[in-house]
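Observations on chain architecture
For reference, the chains in residue letters:
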Amino acid sequence: FPVAAGWIILCGIPCMTEAEKLHCVEAALNSVRPYLARDGGDISVAGLTDDGVLKVNFHGTCKECQLKAMTLSAGLEEALRRFAPFVQRVEEA
């Protein structure tokens, strides 16, 4: 099988381990965390389904914030497109 950047490619799709996927997701979360922390909040992974649904938990002030939906759509989904394109959508756990 061809190997690209340490991944085995099958049918043109990188085959990543669960740990590799979570590492990419954490990279995306780390890119938005400074903005959340500025307002006393944080975000963490609750789970990642086989069909690409990322479930997240909000912490601190983000837990009750009225702008959570905007944080997901504007901030996090943009970061996920860059760092973890296998994520199809994000939901609050």
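It is worth spelling out the layout of surface pockets at this point. Counted as a void, the largest pocket has a volume near 320 Å³. If you go around the largest pocket, you meet 15 residues; those closest to its centre are Leu36, Asp39, Cys65, Leu67 and Thr71. Counting residues per element, the ones that place at least two in the lining of the largest pocket are helix H1 (18–38) and helix H2 (68–83). Counting residues per element, the lining of the largest pocket draws most heavily on H2, at six residues.

Nonpolar side chains tend to gather and get buried jointly when the protein is soluble and globular. Of all hydrophobic cores here, the largest spans 20 residues; its most connected members are Ile43, Leu54, Val56, Leu76, Leu80, Val87 and Val90. Sorting the residues of this core by element identifies H1, strand S4 (41–48), strand S5 (53–60) and H2 as the ones contributing at least two each. For this core, the element with the most residues is H1, which contributes six residues.

Time to look at the pattern of salt bridges. Evaluation of the coordinates by the stated rule reveals six salt bridges. The shortest N-O distance in the salt bridge between Lys55 and Glu91 comes to 2.9 Å. Residue Lys55 is found in strand S5, and its partner Glu91 is found in strand S6 (residues 89–92); the two are separated by 36 residues along the sequence. Note on Lys55: relative accessible area 28%, which makes it partly exposed. One salt bridge connects Glu78 with Arg81, and the closest N-O pair in it is separated by 2.9 Å. Of this pair, Glu78 and Arg81 are both found in helix H2, three residues apart, which corresponds to roughly one turn of the helix. Arg81 sits in the exposed class, given a relative accessible area of 52%. Several salt bridges converge on common partners, so that one network encompasses Glu26, Arg33 and Asp42.

The next thing to look at is H2. If you look at H2, its biggest bend is around 35°, right at Leu76. Every buried residue belonging to H2 is among Lys68, Leu72, Leu76, Ala79 and Leu80, and all of these are buried. As for H2, its buried residues are in contact with H1, S4, S5 and S6.

Attention now moves to H1. Over its 21 residues, H1 extends 30 Å from the first C-alpha to the last, a length consistent with the 30 Å expected when each residue adds 1.5 Å. Within H1, the axis deviates most sharply at Val32, by approximately 40°, and proline Pro34 lies no more than four positions further along. Among the residues of H1, Cys24, Val25, Ala28, Leu29, Val32, Arg33 and Leu36 are the ones counted as buried. Close packing links the buried residues of H1 with S4, S5 and H2. Within two residues after H1, Gly40 carries a phi angle of roughly 85°, on the positive side.

What counts, and where the lines are drawn
- Residues numbered from 1 in each chain as written.
- Predicted model: local features only at pLDDT ≥ 70, side-chain atom pairs only at ≥ 80, totals over all residues.
- Heavy atoms only, no water.
- 1 Å grid on protein atoms, 1.4 Å probe; cavity = no way out; pocket = protein on both sides within 12 Å on 5 of 7 lines; lining within 4 Å.
- Points joined across faces, edges and corners; volume = space filled by probe spheres on them.
- Helix = DSSP H or I, 4+ residues; strand = E, 2+ residues; numbered from the N terminus.
- Core = buried A, V, L, I, M, F, W, Y, C linked by side-chain atoms within 4.5 Å.
- Buried < 20%, exposed > 50% of the residue type's maximum accessible area, 1.4 Å probe, protein only.
- Salt bridge = Lys/Arg side-chain N within 4 Å of Asp/Glu carboxyl O.
- Bend = angle between axes of the 7 residues up to and from the residue.
- Contact = heavy atoms within 4.5 Å.
- Expected span 1.5 Å × (residues − 1).

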